[in-house]
Amino acid sequence: MLNLKIKMRLIACILLLASTLFPPDLAFAEKAEPLRYDFSQVTAADLISAMNVLRTSYGLQALIEDPIISAVAQSTAQTMADNLLSWHIGDVAGRLAAAGYGGGSKVWATENFAIGYDASIDEIMVMWSDESHMLPAVKPYYCNIGAGTAQASNGSTYYVLQAAYVSGQACDSNTSPGGPVEGGGFGIIVPVTTATPDATGKIVHVVQSGQSFWAIAVAYQTTIKEILSWNNLPEGTVLQIGQELVIPNPKAEGYMTPTPFGYFTASPPDVDGKIVHTVQAYQNLSIISEVYGVPIERILELNSLTIDMPLQIGQKLLIYPGNVTPTPTPRPLTPIEMLTPAADGNYYHIVKEGQNLSWIAGYYGIPLADLLAWNNMTENSPLWPGDRLLLKVTPPATITPTPTPVTPTPIPSPTLTSTPTPTLLPSPTSTATPEPTLLGLGAGFNPLWLIPVVIILGGGGYLALRSARKKSQTSISSEQMPPIDDSVDDIQE
């Protein structure tokens, strides 16, 4: 039998081989990422629900989703995304009526839109927190609502929400064919009551059940980013009931008024004084005209545009042509300057059909009496086509216009503060966890190095086993042989 030392060696070899081929899973465990909310899937239903949550917080009845409005909103989002538009298409009421909403009656409507990369519903609603975008939430006469989203070629998403009502009709009496859209809830929200600043001007808001960042930001006329910054909170923070939030106060030290969406810093002129503006999201002709101090009509003229042409994101607009000397327009020649002297050196007029002496004198700007005297004629003298009349005039020298250098008109510096194009919350970055292979090793593990290890360990085990067997056989043979007598026989002489 094998002795204890050989058995232990064999067991150690087997365990070493097993631990190499089948390592524990803990060796490749990745550090767990913190749980983050996925803001990249804001749907049309989310837009409708959020607006209705805000509307009910003002004590108004929730808007009824209408299939025609939703279809038009979706078509609008797709058109804006396909063309990378920076502003509304326009005439939302007309487009809804053309699609059949209202059944031919007068339609009133409003439209909100936003552009973002993996936008959160909070961020979108804050962008819609100004007076013009709050109409669906605060005006009781709006009845129906619809929304749509579309992906653009640059990776951004367009979000469109439309609200409408029919003139002279109650909200519950007007529904498009097919009836209101079923499903979806409007959530529960506690109206945000603003806190009173303390003696130092500090405002502290205590979060109540049902309140969200955007509802609080709207109530205090600020932004989510401002609230996060003032409270040192990361993006994706989940509010807790009873949590205290410091609210930016315009009277507080260090407070900066948020710049409205769409405003920007004017582009500087190039070496020739030429100024070109690149259109960004939320910019229209009114904003561009205000920032550069250039009339809208001048921008349209410089770019061969009309007022009804929508701007596209990335579109180049010439704002100022620079210090360019215009090509002078030559002055038209007078009839006398167009005369060519005949062979005798005099100038003549060849009479044509319908011409008379008075007309000819007026054409050249000469007195009629002079024309008659030069040709020994009277006012009653007949004229025939082809007659040649002497003109004793000296054509003035043709003046070549000299261009006057153009002095560029200084453009006033914009007074608005700079702000980048609103960038919505980025999507959380996930860390990929390597998938285990058949042997439980990492995906980048190369199993070829196991071949020599297996050969070496297997060969060592085989040699150890063979050596053990040889020793065992020798021991057995020695036990079967008769005992040797070590005594020496006496030799007799």
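Residues numbered from 1 in each chain as written. Predicted model: local features only at pLDDT ≥ 70, side-chain atom pairs only at ≥ 80, totals over all residues. Heavy atoms only, no water.

Would you take a moment to explain the overall build of the chain for this structure?
Across its full length, the chain carries 13 helices and 10 strands. Residue burial in the chain is summarised as follows: out of 493 residues, 34% are buried. Taking the contacts inside the chain whose residues are at least 6 apart along the sequence as the reference set, 70% of them involve residues at least 24 apart. Of the accessible surface of the chain, which amounts to about 30200 Å², a share of 58% is contributed by carbon and sulfur atoms. (Helix = DSSP H or I, 4+ residues; strand = E, 2+ residues; numbered from the N terminus. Buried < 20%, exposed > 50% of the residue type's maximum accessible area, 1.4 Å probe, protein only. Contact = heavy atoms within 4.5 Å. Areas by Shrake-Rupley, 256 points an atom, 1.4 Å probe, with all protein chains shown as cover.)

What should I look at first to understand the state of the cysteines in this one?
Chemically, a disulfide is nothing more than a covalent bond linking the sulfur atoms of two cysteines. Within this structure, the stated rule accounts for one disulfide. There is a disulfide in this structure between cysteine 143 and cysteine 171, and the S-S distance comes to 1.9 Å. Judged by the sign of its S-S torsion, about -70°, the cystine formed by cysteine 143 and cysteine 171 is left-handed. Taken together, the residues span a long stretch of sequence, with cysteine 143 in the loop between helix H6 (135–138) and strand E3 (144–151) and cysteine 171 in the loop between strand E4 (157–166) and strand E5 (203–206) at a distance of 28 residues. You can call cysteine 143 buried: its relative accessible area is 6%. (Disulfide = S-S within 2.5 Å.)

Before we go on, may I ask you to explain a nonpolar patch on the surface in this structure?
On the surface, Leu333, Met338, Trp359 and Tyr363 cluster together into a nonpolar patch covering about 400 Å² of accessible area. Among the residues examined, tryptophan 359 registers a relative accessible area of 42% and is labelled partly exposed. (Patch = residues over 30% accessible without salt bridge, like charges linked within 9 Å, V, L, I, M, F, W, Y side chains within 5 Å. Salt bridge = Lys/Arg side-chain N within 4 Å of Asp/Glu carboxyl O.)

Help me out: how do you make sense of the sheet that holds E3 in this one?
Where strands meet in a sheet, backbone hydrogen bonds hold them as pairs that are either parallel or antiparallel. Ordered in space as E1-E3-E4-E2, the four strands form an open sheet in which the pairing is mixed. For this open sheet the edge positions go to strand E1 (64–65) and strand E2 (107–116), each flanked by a neighbour on one side alone. Relative to E3, E1 is paired through two bridges, and the arrangement is parallel. Bridge assignment links glutamate 65 to a residue of E3, and that residue is isoleucine 145. Each of E1, E2, E3 and E4 is contacted by helix H3 (residues 67–83), which is oriented at about 30° to E3, the strand it contacts most. (Pairing = 2+ DSSP bridges. Axes fitted to C-alpha atoms, helices over the stretch in contact; angles between N-to-C directions.)

I would appreciate a short explanation of the pattern of salt bridges in the present structure.
When charged atoms on two side chains of opposite charge get close, those side chains can pair. Scanning the model with the defined rule gives two salt bridges in all. The closest approach of N and O atoms between glutamate 111 and arginine 95, which form a salt bridge, is 3.2 Å. With glutamate 111 in strand E2 and arginine 95 in helix H4 (residues 92–98), this pair connects stretches of sequence that are 16 residues apart. We note a salt bridge from arginine 298 to glutamate 301, for which the minimum N-O separation is 3.5 Å. Of the two residues, arginine 298 and glutamate 301 are both situated in helix H10 (residues 296–302); the distance of three residues between them amounts to about one turn of the helix.

Sorry, what's going on with the packing of aromatic side chains here?
The geometry of an aromatic ring pair is captured by the separation of the ring centres together with the interplanar angle, meaning the angle of the planes. Across all of its chains, the model carries seven aromatic pairs by this definition. Each ring, one from tyrosine 141 and one from tyrosine 165, has its centre 5.1 Å from the other, and the planes form 55°; the classification is tilted. Taken together, the residues tyrosine 141 in the loop between H6 and E3 and tyrosine 165 in strand E4 connect sequence positions 24 residues apart. Judged by its relative accessible area of 18%, tyrosine 165 falls in the buried class. Ring centres of tryptophan 359 and tyrosine 363 lie 5.1 Å apart, and the angle between their planes is 10°; on these two criteria the pair is classed as stacked. (Phe/Tyr/Trp six-rings, centres within 6.5 Å; stacked < 30°, edge-to-face > 60°.)

Help me out: how do you make sense of the environment of threonine 237 in this one?
With respect to the helices and strands, the residue threonine 237 is situated in the loop between helix H8 (224–230) and strand E6 (244–247). Note on threonine 237: relative accessible area 21%, which makes it partly exposed. Expressed as a C-alpha distance, the spacing of threonine 237 and phenylalanine 213, which sit 24 residues apart in the sequence, is 9.4 Å. In this structure the side chain of threonine 237 is engaged in a polar contact, spanning 2.5 Å, whose partner is the backbone oxygen of proline 234. (Polar contact = N/O pair within 3.5 Å; in protein donor to acceptor, adjacent residues only side chain to side chain.)

So what exactly am I meant to see when it comes to unusual backbone geometry here?
Trans peptide bonds make up most of the peptide bonds, and negative phi angles are found at most residues other than glycine. With a phi close to 50°, leucine 84 is a non-glycine residue in the positive phi region. Despite not being glycine, asparagine 376 has its phi angle at roughly 50°, a positive value. Along the chain, asparagine 376 falls in the loop between helix H12 (368–374) and strand E10 (388–391). In this structure asparagine 376 comes out as exposed when scored by relative accessible area, which is 75%.

What should I look at first to understand helix H11 (residues 357–364) in this one?
Structural remark: α-helix, 3.6 residues per turn; residues separated by three or four positions point the same way. All of the buried residues in H11 are Leu357, Ile360, Ala361 and Tyr364. Seen from one end, H11 has its buried residues packed into an arc of 100°, which puts them on one side. If you follow the buried residues of H11, they end up packed against strand E9 (347–350), H12 and E10. Where H11 begins, one side-chain oxygen reaches toward the backbone nitrogen of serine 358, 3.2 Å away; that side chain belongs to asparagine 356. After H11 finishes, the residue glycine 365 shows a positive phi value of roughly 70°. (Arc of directions from axis to C-beta.)

Explain the side chain of histidine 277 to me, please; I cannot follow it from the model alone.
Note that histidine 277 resides in strand E7 (residues 275–278). Among the residues examined, histidine 277 registers a relative accessible area of 3% and is labelled buried. A polar atom in the side chain of histidine 277 sits 3.0 Å from the side chain of tyrosine 292. Residues contacting histidine 277, with those up to four places away along its chain left out, are Phe264, Ser267, Gln283, Ile288, Tyr292, Gln315, Lys316, Leu317 and Ile319.

I tried to follow the side chain of asparagine 303 on my own but got confused; where do I start?
Along the polypeptide, asparagine 303 turns up in the loop between H10 and strand E8 (316–320). You can call asparagine 303 buried: its relative accessible area is 18%. The contact partners of asparagine 303, leaving out residues within four places of it in the chain, are Lys316, Leu317 and Leu318.

Would you explain the nonpolar core in this entry?
Burial of nonpolar side chains together is a common tendency in soluble globular proteins. By size, the foremost hydrophobic cluster in this structure holds 54 residues, and its most contacted members are Leu47, Ile124, Trp128, Trp214, Ile216 and Leu245. Per element, the largest residue contribution to this core is seven residues, and it comes from helix H2 (residues 44–57). Discounting chain neighbours no more than four positions away, the residues touching leucine 47 are Val42, Ile121, Ile124, Trp128, Ala147, Gly148, Thr149, Tyr159, Val160 and Leu161. The next biggest cluster of nonpolar side chains, apart from the first, holds 17 residues, and it includes Phe264, Ile275, Leu285 and Ile319. (Core = buried A, V, L, I, M, F, W, Y, C linked by side-chain atoms within 4.5 Å.)

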